[in-house]
2 protein chains.
Amino acid sequence: MVKKFSALALSLVMAASLFAGCTGSASGKVEDGKKSAEISANIEQLSTNEQKSPKYIFLFIGDGMSSTQINAAQVYLGSNKSGEVATKSLNFTQFPVTGLATTYDSTSFCPDSASTATSISCGIKTHSGVIGLKVDKKTPVESITEKLKAKGMKIGIVSSVTINHATPAAFYAHVPSREDYYDIALQLAKSNVDYLGGGTINQPKGKNGDQKDAYEILKENGYYIADTKQEILAINSACGKTYAVTPAVQDSGAMPYALDAKQDDLKLADFVQKGIDNLYNTDKGFFMMCESGKIDWACHANDAFTTIAEVVDFTNAIQKAMSFAYEHPNDTLILVTGDHETGGMTIGYSITGYSTAFNLLGRQNMSFTAFDSLISGMKKQNPNLALTDVLPVIKAHFGLIAPNDPDAKIEANKDYVLSDYEYAKLEAAFAESMKSSKERSATTEAKILYGSYDPLSVTLTHILNNKAGIGWTSYSHTGTPVPVYAAGVGAEKFSGFYDNTDIFKKLVELTKA
Amino acid sequence: MVKKFSALALSLVMAASLFAGCTGSASGKVEDGKKSAEISANIEQLSTNEQKSPKYIFLFIGDGMSSTQINAAQVYLGSNKSGEVATKSLNFTQFPVTGLATTYDSTSFCPDSASTATSISCGIKTHSGVIGLKVDKKTPVESITEKLKAKGMKIGIVSSVTINHATPAAFYAHVPSREDYYDIALQLAKSNVDYLGGGTINQPKGKNGDQKDAYEILKENGYYIADTKQEILAINSACGKTYAVTPAVQDSGAMPYALDAKQDDLKLADFVQKGIDNLYNTDKGFFMMCESGKIDWACHANDAFTTIAEVVDFTNAIQKAMSFAYEHPNDTLILVTGDHETGGMTIGYSITGYSTAFNLLGRQNMSFTAFDSLISGMKKQNPNLALTDVLPVIKAHFGLIAPNDPDAKIEANKDYVLSDYEYAKLEAAFAESMKSSKERSATTEAKILYGSYDPLSVTLTHILNNKAGIGWTSYSHTGTPVPVYAAGVGAEKFSGFYDNTDIFKKLVELTKA
């Protein structure tokens, strides 16, 4: 039997921010733990005065997040317990103003995160892969953060992935390729961004590990680097320029997926809260960009439940801004959007038709990444690993049960039992997965089935997602427009259907930057 | 070589409304033919005064239309000519206010058109398949049209599908099943809806054809039935209660797909215009619901180009309301939304990744329905029809070219040549298609590949769509939220993320109905 169901895991994710401590000197400390029932009423209290410039601006970007990712979380939370057909609203979906934005870049309707973040940060279209430069890949364009910094506002950049990854980089760097991680880190050191929080620096010593440590360069440029939980929780407005680096890492320096994080790991919400605590001490206000970067990674891998857990975790981070806004209702603007959709995720699949069963997702208790690591470890211990060796692990972490497993006969398990069709898919995927990357099939069929992912884990998420009624069309970004949610001072400017470059333009107009 | 490219066909669709004549007595005649460049400026002129009740309300419902269907049309129109990465805005996407609505019904997150239309028309959640009744399937709920009629406003109902189909029915009928076509028609006759336009009555003599003709009953109830082009174009405000029935039909009494319609067929835009001409003569104003019903049908069949042509045709109908609004800028509200998404359509497919090639769609020059009819005729003439017999027809109507066709070597055709993988899919689909419905494969694989559609045509649209970079996840409705676009008096009420039942509630509030 499956022992650990992750309905529990997800409720922990949801409750995480309630337990997040803050021992800072309180200049920016805001009351925490508003209940979601109070959200609606509170939102109404926020000013939407268009004539005024917001003093405190939060821009939350869910990488790869569009309406389906958001509504999938609402459907899961609404339908999980009783099978009732109802959604549970996420906090930011109750914002009074919504817009829709197109996301194409100068090279593609299915755009890149570097170019889309540049569109939002600098108001221009550029090539996929380019950060903060025009289509000539040479001419830098002043970003909203640079403009607001010049006006005296403090700047915060938070991301759940590495701090020199494409999306955060577009708010402080100008490079021809998102792969120029070391150059981006050097620009970061000189950027005078006031607060950095979340993921580590990718390739801090350069591609070949032979450059001067970027962390040292940041220190030389006046940054206080807090990289233990204790140090991070102690961050306050007296710390000056600060970089709060996650002690818990996964995926080459990113923060762990919400589904994989330990209960006492610092969460994205903590890095937002500490940013507020650090930045609040200013007459001129602040601008904070916070990216939830692994919604995208989970969607690339077509892993719905990991995606949902990331979106829910993101709401905890957004809640920190909302709590701050309730204390500064006439000065705060909060925007929540995505940079593009990833995966072509849909609540609806050919075989399930008009039915869905999102409750089935709840037995998944780790991300595809954590599962890949687990299986990789098993392969190392036993190079002749058989599917039968792995079936108990699949059952334990995805809930899926082989047809000939005695547990398949238990009534509560019936929706988790693999059909003959699904079992055949699993067998084929396992066989592929046991091959080295080079030996794997490169047929069109294999590309459709697995993309560039481990055939076993991507087949498991496909099977579980499809059983729940979720379909995917791609392993890449897509051309689906993204919603924009706005609350607070100037929010009304963000209604309508516009281009992602207009988000920059509206912010410039609003702040007279 | 393919002779007829439907870039032409689509530009005809777009221009259609410009040629639509109007010989009515002009009480409601409005200037037509505004250029899209003028749209933005004009929209700004419309009042958004929330304190006022709109006198003229247009509610446009694209059945099965969500953001991807809309943006696919924008991408096609923007990218078609030069391969440039840019979208061409549809008229209604420039409306100043946007909202987002959830669409689930009381039985499903992937809801039905009867229940979703009931949510919009009556403000309640009910079972899939139920029209205008509570979940007990007995208690009728007063619809927005009934409320506004009681206030003295005139009511118009227009649909491109049959007038007693689920969506239009929800605005005048109350029945436990959408299949109760005859009962719906009887309720229609007694509804006192002032103007009906578009599709015919489905099953006008009942399921078994043994009931009194519903058209006769409508006449007895005072309706003037105009069913020739000449009669329809002559409709004016002196006609009284009027039903303008499309002379051109397809799919058991619906209007033809825009892609299949003849140039001089009356279009959805004409039925909206004649509705305006008919309803305008009143102090109390009017409410018109106009459904584009075949966006949904094309999406069920996963036929992207037919979908795009329907969306574009819908903009022509919406343009009629916009032209009217420019003449009544302080009295008009226009809403455009979908009832749910259909098909899980995405701009993005696993194999094409970050690339798209929407221009490829342009060689398709008929809908899957028209193609099915064509092949069906060929089968009748030759029961031993071979794929080789059909390949020239496929080339002529979808542009797709077999690898061994001499035309495959022509440079301009290279993107249309079927890969070995695609050709194998086509061969398998053709073999299935030649079987009778009963003999066809009922495997999971077949259900994924073909749904309940003809295996040949659905495989052709899949191949063409996938080549263009479009993916689908389902043959049914999905749980993707739908956008709401609003312009004019009270438009601001429609910003935010809400439930489809709130559309009714906002309308009631606004009209004090």
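Focus on the overall build of chain A
A count of helices and strands for chain A gives 18 helices and 14 strands. Within chain A, the proportion of its 513 residues that are buried is 65%. Here the contacts in chain A between residues at least 6 apart in sequence split such that 74% fall between residues at least 24 apart.

What to know about the relation of the copies chain A and chain B
Superposition of chain A onto chain B requires a rotation of 180° combined with a translation of 0.0 Å along the rotation axis, giving an RMSD of 0.0 Å. What the superposition gives is, in effect, a two-fold axis relating one chain to the other.

Digging into the interface of chain A and chain B
It is common to report an interface's size as the accessible area lost on association of the parts. Contact residues are listed per partner, giving 59 residues for chain A and 59 residues for chain B. Interface of chain A and chain B: buried area, both sides summed, is about 4,700 Å²; carbon and sulfur atoms make up 62% of it. Contact with chain B buries surface across chain A, with A:V85, A:F109 and A:Y354 losing the most and accounting together for 17% of the total. Inspection of the chain A/chain B interface yields zero salt bridges. There are 18 residue pairs in polar contact (both at pLDDT 80 or more) connecting chain A and chain B.

Thoughts on the packing of helix α13 (residues 368-381) of chain A against helix α17 (residues 455-468) of chain A
Residues and elements named next belong to chain A. Two elements in contact, α13 and α17, have axes separated by 9 Å at closest approach and are oriented at 140°. Looking at the two axes, α13 sits oblique to α17. Crossing hand, α13 versus α17: right-handed. Within the contact between the two elements, α13 uses F368, F371, D372 and I375 and α17 uses L456, S457 and L460. Across the contact of α13 with α17, the residue classes break down as five nonpolar, one polar and one charged.

Remarks on unusual backbone geometry
Residue and element names in this part refer to chain B. Even without being glycine, K137 reaches a positive phi, approximately 60°. Tracing the sequence through the fold places K137 in the loop between α4 (113-122) and α5 (144-150). Taking relative accessible area as the criterion, K137 reaches 42% and is therefore assigned partly exposed. Residues other than glycine seldom take positive phi values, yet S252 does so here, at roughly 55°. Relative to the assigned elements, S252 resides in the loop between β6 (242-245) and α10 (268-279).

A closer look at the side chain of A:S292
Tracing the backbone through its elements, the reader meets A:S292 in strand β7 (residues 286-292). A relative accessible area of 2% places A:S292 in the buried class.

Thoughts on the packing of aromatic side chains
Overall, the coordinates contain 38 aromatic pairs over all chains when judged by the stated rule. Between the aromatic rings of A:Y485 and B:F497, the centroid separation amounts to 6.0 Å while the plane-to-plane angle is 45°, which identifies the pairing as tilted. In this pair, A:Y485 sits in strand β13 (residues 482-488) while B:F497 sits in strand β14 (residues 496-499), so the two residues belong to two different chains. Of the two residues, A:Y485 and B:F497, neither departs from the other in class, the shared state being buried.

Concerning the domain arrangement of chain A
Residues and elements named next belong to chain A. By the assigned domains, chain A splits into domain 1 (48-345 + 477-511) and domain 2 (348-471). Look at where the C-alpha atoms of domain 1 and domain 2 centre, and you get two points 32 Å apart. Carbon and sulfur atoms supply 60% of the area buried between domain 1 and domain 2, which totals about 1,500 Å² over both sides. For the side of domain 1 that touches domain 2, the secondary-structure elements that each account for two or more residues are α3 (67-79), α11 (294-300) and α12 (304-327). Partitioning the side of domain 1 that touches domain 2 into residue classes produces 12 nonpolar, seven polar and three charged.

Focus: the confidence of the model for chain A
All names here are of chain A. On average, residues of chain A score 91 in pLDDT, and 89% of them are at 70 or above. This stretch, residues 1-38, has a pLDDT under 50; its non-local contacts, to residues over four places away or in other chains, come to 83 contacts. This prediction of the complex comes with two scores: 0.92 for pTM and 0.91 for ipTM.

A short note on the pairing of strand β4 (residues 195-198) of chain B
Residue and element names in this part refer to chain B. Note that strand β3 (residues 154-159) and β4 share four bridges and pair parallel. From the neighbouring strand, G156 faces β4, where its bridge partner is Y195. Pairing of β4 with β6, which is carried by four bridges, proceeds in the parallel orientation. In the sheet register, L196 faces β6, and the bridge partner there is Y243.

Digging into empty space enclosed by the protein
Enumeration over the complete set of coordinates arrives at four cavities of 30 Å³ or more. Considering only enclosed or pocket space, the largest cavity measures out at about 160 Å³ in volume. Taken together, 21 residues line the largest cavity, and the ones lying closest to its centre are A:T68, A:T480, B:T68, B:M345 and B:T480. With three residues, the top contributor of residues to the lining of the largest cavity is helix α3 (residues 67-79) of chain B.

A few points about α3(B)
Helix length check: α3(B), at 13 residues, gives a terminal C-alpha distance of 18 Å against a target of 18 Å (1.5 Å per residue), a fit within 8%. With 13 of 13 residues buried, α3(B) lies mostly within the body of the structure.

Description of the packing of helix α13 (residues 368-381) of chain B against helix α14 (residues 387-398) of chain B
Residues and elements named next belong to chain B. Between α13 and α14, whose axes approach to 12 Å, the crossing angle comes to 160°. Accordingly, the angle class assigned to the pair α13 and α14 is roughly antiparallel. α14 is crossed by α13, and the crossing has right-handed handedness. Seen from α13, the contacting residues are F371, L374, I375 and M378; seen from α14, they are D389, V390, V393, I394, H397 and F398. Here the residues of the contact of α13 with α14 sort into eight nonpolar, one polar and one charged.

Quick word on the side chain of A:D296
Residues and elements named next belong to chain A. By the secondary structure assignment, D296 is in helix α11. Although buried, D296 forms no salt bridge, and the nearest oppositely charged side chain, R178, lies 6.4 Å from it. What D296 contacts, discounting residues up to four positions off in sequence, is D63, G64, H340, T342 and H477.

Overview of the pattern of salt bridges
For side chains of opposite charge, pairing can occur when their charged atoms come near one another. Enumeration according to the criterion identifies 36 salt bridges over all chains in this entry. Note that A:K505 is salt-bridged to A:D502, the shortest N-O span being 3.9 Å. Taken together, the residues span about one helical turn, with A:K505 and A:D502 both in helix α18 (residues 501-511) at a distance of three residues. Given the relative accessible area of 40%, A:K505 is considered partly exposed. Salt-bridge contacts for B:D112 lead to B:R178; the nearest nitrogen and oxygen are separated by 2.6 Å. Residue B:D112 is located in the loop between β2 (97-102) and α4, and its partner B:R178 is located in the loop between α6 (166-169) and α7 (181-189); the two are separated by 66 residues in the primary sequence. This pair shows no difference in class: B:D112 is buried, exactly as B:R178 is. Through salt bridges with shared partners, one network takes in A:K379, A:R440 and A:D454.

Some thoughts on the environment of B:T444
Here B:T444 shows up in helix α16 (residues 444-450). On the basis of relative accessible area, B:T444 is assigned to the partly exposed category, the value being 27%. Those residues within four positions of B:T444 in sequence are excluded, and the remaining contacts are A:I351 and A:Y421.

Here we look at the environment of A:S252
Residue and element names in this part refer to chain A. On the basis of relative accessibility, which here comes to 64%, the residue S252 falls in the exposed class. Through-space distance from the C-alpha of S252 to that of G129 is 20 Å; in sequence the pair is 123 residues apart. When residues no more than four places from it in sequence are discounted, the contact partners of S252 are T162, T200 and N202.

Considerations on the pairing of strand β8 (residues 332-338) of chain A
Note on strand geometry: in a regular strand, side chains alternate between the two faces of the sheet. All names here are of chain A. Extensive coverage of β8 is indicated by the burial of seven of its seven residues. Bridge count between strand β1 (residues 56-62) and β8: seven bridges; the pairing is parallel. Each residue of the ladder has a partner; that of L59, found in β8, is L335. One ladder, built from five bridges, connects β8 with β13; its direction is antiparallel. Bridge pairing in β13 links I334 to A487.

Quick look at α7(B)
Residues and elements named next belong to chain B. Listing the buried residues of α7 in full gives Y181, Y182, I184, A185, L188 and A189. End-on, the buried residues of α7 take up no more than an arc of 160°, which puts them together on one face. On its buried face, α7 is in contact with α6, β4 and α8 (214-220).

Looking at the state of the cysteines
All names here are of chain A. Applying the stated criterion across every chain, the model contains zero disulfides over all chains. Looking at the unpaired C110, the closest cysteine sulfur is the one in C299, lying at 14 Å. Since its relative accessible area comes to 0%, C110 is described here as buried. In this structure C122 is a free cysteine whose sulfur lies 19 Å from that of C290, the closest cysteine sulfur available. The buried category is assigned to C122, whose relative accessible area is 2%.

Procedures and definitions
- Residues numbered from 1 in each chain as written.
- Chains lettered and ligands numbered in written order.
- Predicted model: local features only at pLDDT ≥ 70, side-chain atom pairs only at ≥ 80, totals over all residues.
- Heavy atoms only, no water.
- Helix = DSSP H or I, 4+ residues; strand = E, 2+ residues; numbered from the N terminus.
- Buried < 20%, exposed > 50% of the residue type's maximum accessible area, 1.4 Å probe, protein only.
- Contact = heavy atoms within 4.5 Å.
- Least-squares fit on C-alpha atoms with pLDDT ≥ 70 in both.
- Buried area = accessible area lost by both parts, 1.4 Å probe.
- Salt bridge = Lys/Arg side-chain N within 4 Å of Asp/Glu carboxyl O.
- Polar contact = N/O pair within 3.5 Å; in protein donor to acceptor, adjacent residues only side chain to side chain.
- Axes fitted to C-alpha atoms, helices over the stretch in contact; angles between N-to-C directions.
- Parallel < 35°, antiparallel > 145°, perpendicular 65-115°, else oblique.
- Left-handed = near helix turned anticlockwise from the far one by under 90°.
- Nonpolar A, V, L, I, M, F, W, Y, C, P; charged D, E, K, R; others polar.
- Phe/Tyr/Trp six-rings, centres within 6.5 Å; stacked < 30°, edge-to-face > 60°.
- Domains from an automatic or database assignment.
- pLDDT = per-residue confidence, 0-100.
- Pairing = 2+ DSSP bridges.
- 1 Å grid on protein atoms, 1.4 Å probe; cavity = no way out; pocket = protein on both sides within 12 Å on 5 of 7 lines; lining within 4 Å.
- Points joined across faces, edges and corners; volume = space filled by probe spheres on them.
- Expected span 1.5 Å × (residues − 1).
- Lys, Arg positive; Asp, Glu negative; His and termini not counted.
- Arc of directions from axis to C-beta.
- Disulfide = S-S within 2.5 Å.

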